[in-house]
Amino acid sequence: MSFYLAIIGTKDNAVYELEFGTYRQGGDGKPKFSADMKQLCPFIVHSSLDIVEEMQWNTSVMHLKVIDKFYNYLISSYITAGNIKFLLLHETRADDVIRQFFTDLYDLYVKTLMSPFYSVDQPITSAVFDQRVRMLAKKYL
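For clarity, every value in this text was computed on a predicted model and none was experimentally measured.

Another point: the overall build of the protein chain. Secondary structure assignment for the protein chain yields four helices and five strands. Going from N to C terminus, the protein chain has its helices and strands arranged as β-β-α-α-β-β-β-α-α. For 141 residues, the compact-globule estimate of 2.2 N^0.38 gives 14 Å, and the protein chain sits close to it at 14 Å. In terms of principal-axis extent, the alpha carbons of the protein chain reach across some 40 × 35 × 30 Å. Every one of the 141 residues in the protein chain was classed for burial, and the buried ones make up 43%. Looking at the protein chain alone, contacts between residues at least 24 apart form 56% of all its contacts between residues at least 6 apart. Put simply, the protein chain shows about 7,800 Å² of open surface, and 53% of that area lies on carbon and sulfur atoms. Averaging the positions of the 15 positive and the 16 negative side-chain charges in the protein chain gives two centres separated by 8 Å.

For Lys138, the position within the fold is in helix α4 (residues 127-140). Using a relative accessible area of 51% as the deciding quantity, one classes Lys138 as exposed. The spacing of Lys138 and Gln56 is 82 residues in sequence and 29 Å in space, taken between C-alpha atoms.

A few words on the side chain of Ser77. Position of Ser77 among the secondary structure elements: in strand β4 (residues 73-79). If near-sequence neighbours (up to four positions away) are discounted, Ser77 is found in contact with Val52, Met62, His63, Leu64, Lys65, Ile67, Phe86, Leu87 and Phe102.

Counting residues in each nonpolar core, the largest one holds 26 residues, and the members touching the most others are Leu5, Phe20, Phe86, Phe101, Phe102 and Leu105. Those elements that place two or more of their residues in this core are β1 (2-8), β2 (14-21), β5 (85-90), α3 (95-113) and α4. When residues of this core are assigned to their parent elements, the largest contribution, seven residues, is made by α3. With 17 residues, the next largest nonpolar core counts Cys41, Leu64, Ile67 and Ile75 among its residues.

Attention now moves to the packing of aromatic side chains. Taken as a whole, this structure holds 12 aromatic pairs when the rule is applied. Seen from their ring centres, Tyr16 and Phe129 are 5.0 Å apart, and the 85 degrees between their planes marks the pair as edge-to-face. Taken as a pair, Tyr16 in strand β2 and Phe129 in helix α4 lie far apart in primary sequence, 113 residues in all. In terms of burial, Tyr16 and Phe129 fall into one category: buried.

Thresholds, definitions, all that
Residues numbered from 1 in each chain as written. Predicted model: local features only at pLDDT ≥ 70, side-chain atom pairs only at ≥ 80, totals over all residues. Heavy atoms only, no water. Helix = DSSP H or I, 4+ residues; strand = E, 2+ residues; numbered from the N terminus. Rg over C-alpha atoms; globule rule 2.2 N^0.38 Å. Buried < 20%, exposed > 50% of the residue type's maximum accessible area, 1.4 Å probe, protein only. Contact = heavy atoms within 4.5 Å. Areas by Shrake-Rupley, 256 points an atom, 1.4 Å probe, with all protein chains shown as cover. Lys, Arg positive; Asp, Glu negative; His and termini not counted. Charge placed at Lys NZ, Arg CZ, Asp CG, Glu CD. Core = buried A, V, L, I, M, F, W, Y, C linked by side-chain atoms within 4.5 Å. Phe/Tyr/Trp six-rings, centres within 6.5 Å; stacked < 30°, edge-to-face > 60°.

Below, the structure written as structure tokens:
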């Protein structure tokens, strides 16, 4: 199984992107997207932003669960209090596990946001942040 994670800023810009594979069922953590799918992942995720923005005003929860489908891929979403969107492209439905992943990712993002060297909507280039996101993926996905 492969995953594509995107953190989208308030101006609909990509703040952080990561492709990774599953560590479950003997997985090695490497994404197994086809060459065409690797190029489509950002477009699929960004096309679901309209759905996220429609849904965010109709609910008070932060985790919107599965919001869209593309072929055999599902897109799950989480909206922060600061209107930052976490979007995950994945193949199987696992709402509770993805919710826990998003909750821990939100904690990690808030810690990054509290840094005086980071401002909202700025791309996250920290190797520590990347390593911790990969650790969360290994833990949950």
